[in-house]
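Here's the letter readout for the chains.
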Amino acid sequence: MATNRNARFKASRRFDLNIYGHPKALKRQSKERRPRKISEYGTQLLEKQKVKAIYNLLERQFYRYYVKARKMEGIVGENLLFLLESRLDNLVYRIGFARSIRQARQMVNHGLILVDGKRVDIPSYSVTPGQVISLKEDQRANEMFKASFQEVRSFELPYIEKNFDKWEATYTRLPLREELPFANDINETLIVELYNK
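Quick summary incoming for the structure in this document. Everything quoted here is computed from the prediction, not taken from an experiment. (Residues numbered from 1 in each chain as written. Predicted model: local features only at pLDDT ≥ 70, side-chain atom pairs only at ≥ 80, totals over all residues. Heavy atoms only, no water.)

Right, let's get into the overall build of the chain. For the chain, the count of helices and strands is 8 helices and 5 strands. For the chain, the sequential pattern of α-helices and β-strands runs α-α-α-α-α-α-β-β-β-α-β-β-α. Buried residues in the chain amount to 46% of all 197 residues. For the chain, contacts bridging at least 24 residues in sequence account for 56% of all contacts bridging at least 6. Of the roughly 11,600 Å² of accessible surface on the chain, 48% is carried by carbon and sulfur atoms. (Helix = DSSP H or I, 4+ residues; strand = E, 2+ residues; numbered from the N terminus. Buried < 20%, exposed > 50% of the residue type's maximum accessible area, 1.4 Å probe, protein only. Contact = heavy atoms within 4.5 Å. Areas by Shrake-Rupley, 256 points an atom, 1.4 Å probe, with all protein chains shown as cover.)

The next thing to look at is the side chain of Glu 85. By secondary structure assignment, the location of Glu 85 is in helix α4 (residues 76-85). Using a relative accessible area of 0% as the deciding quantity, one classes Glu 85 as buried. If near-sequence neighbours (up to four positions away) are discounted, Glu 85 is found in contact with Tyr 55, Asn 90, Leu 91, Arg 94, Tyr 159, Pro 175, Leu 180 and Pro 181.

It is worth spelling out the sheet that holds strand β5 (residues 168-171) at this point. Spatial strand order, β2-β1-β3-β5-β4: 5 strands in an open sheet with antiparallel pairing. The open sheet has two edge strands, β2 (118-119) and β4 (160-163), and neither has a second partner. Bridge count between strand β3 (residues 132-135) and β5: 3 bridges; the pairing is antiparallel. Each residue of the ladder has a partner; that of Ile 133, found in β5, is Ala 169. (Pairing = 2+ DSSP bridges.)

Looking at helix α6 (residues 101-109), one finds that the buried residues are Ile 101, Gln 103, Ala 104, Arg 105, Met 107 and Val 108. Taken from the residues just after α6, Gly 111 is the one with a positive phi, measuring 75°.

Attention shifts here to the nonpolar core. The biggest cluster of nonpolar side chains holds 47 residues, and the ones touching the most others in it are Leu 88, Val 92, Phe 97, Met 107, Ile 113 and Ile 133. When residues of this core are assigned to their parent elements, the largest contribution, 5 residues, is made by helix α5 (residues 88-95). For this core, the two domains that each supply at least three residues are domain 1 (6-22 + 37-82 + 185-194) and domain 2 (85-169). In contact with Leu 88, not counting residues within four places along its chain, are Val 108, Ile 113, Val 115, Val 120, Ile 122, Pro 123, Tyr 125, Val 127 and Ile 133. (Core = buried A, V, L, I, M, F, W, Y, C linked by side-chain atoms within 4.5 Å. Domains from an automatic or database assignment.)

Below, the discussion takes up the side chain of Lys 48. Inspection of the secondary structure assignment puts Lys 48 in helix α2 (residues 40-54). The exposure class assigned to Lys 48 is buried, which follows from its relative accessible area of 9%. Once residues lying within four places of it in the same chain are set aside, the contact partners of Lys 48 are Glu 59, Phe 62, Ile 191, Leu 194 and Tyr 195.

A few words on α2. Taking 1.5 Å of rise per residue, 15 residues should cover 21 Å, and α2 covers 22 Å from first to last C-alpha, within 8% of that figure. Within the span of α2, buried status applies to Gln 44, Glu 47, Lys 48, Lys 50, Val 51, Lys 52, Ala 53 and Ile 54. Downstream of α2 by one or two residues, Asn 56 has phi in the positive range, about 55°. (Expected span 1.5 Å × (residues − 1).)

What follows covers the pattern of salt bridges. For the structure on display, the rule yields 11 salt bridges. A salt bridge links Arg 119 to Asp 121, with the shortest nitrogen-to-oxygen separation between them at 3.9 Å. Relative accessible area serves as the criterion here: at 34%, Asp 121 is assigned to the partly exposed category. Across the pair Glu 188 and Arg 177 runs a salt bridge, and its minimum N-O distance is 3.0 Å. With Glu 188 in helix α8 (residues 188-195) and Arg 177 in the loop between β5 and α8, the pair connects residues that are 11 residues apart, well separated along the chain. Per residue, the accessibility class of Glu 188 equals that of Arg 177, and both read buried. A network of salt bridges, in which partner residues are shared, links Lys 48, Lys 52 and Glu 59. (Salt bridge = Lys/Arg side-chain N within 4 Å of Asp/Glu carboxyl O.)

Structure representation (structure tokens):
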């Protein structure tokens, strides 16, 4: 299985956005340089690379989501974001079982996550509204998971309903565009324009 092994902090500095939620991601300051003039194509490409980095996807996988989004009713760019947000690895991260999307993907791969009580080990599994995501019972004593889910509580999103006593969360509905964690930092229209060329 192909994995994205790009330098995380470097990507965060490039997009001027703390993609991975690490407190030191944007700390190192680069030397003052004259801002480069970016072409229209360059701007669109940068936007696509930013969204790919946020959801930790490679090009082929990302393009498949775009093709799927085009076939759906509604606005293509928003459909794309909703499909990405509904990925199991992403929701495991948003729920708070993992500290990063990379850790969430590893947890899913290792079979630590249950969907409606059944083990699912496919990070790209598309969660449908109403499904319940939980952590395997034998993993709940793990201090790292306990700290992530019970103490840190980094994401409080209106489309995810958490039950801290049962170590589970329900994906209640599809999110609205403005509810997405990076809603103000993404311009999905540029991605659609890029693929339409």
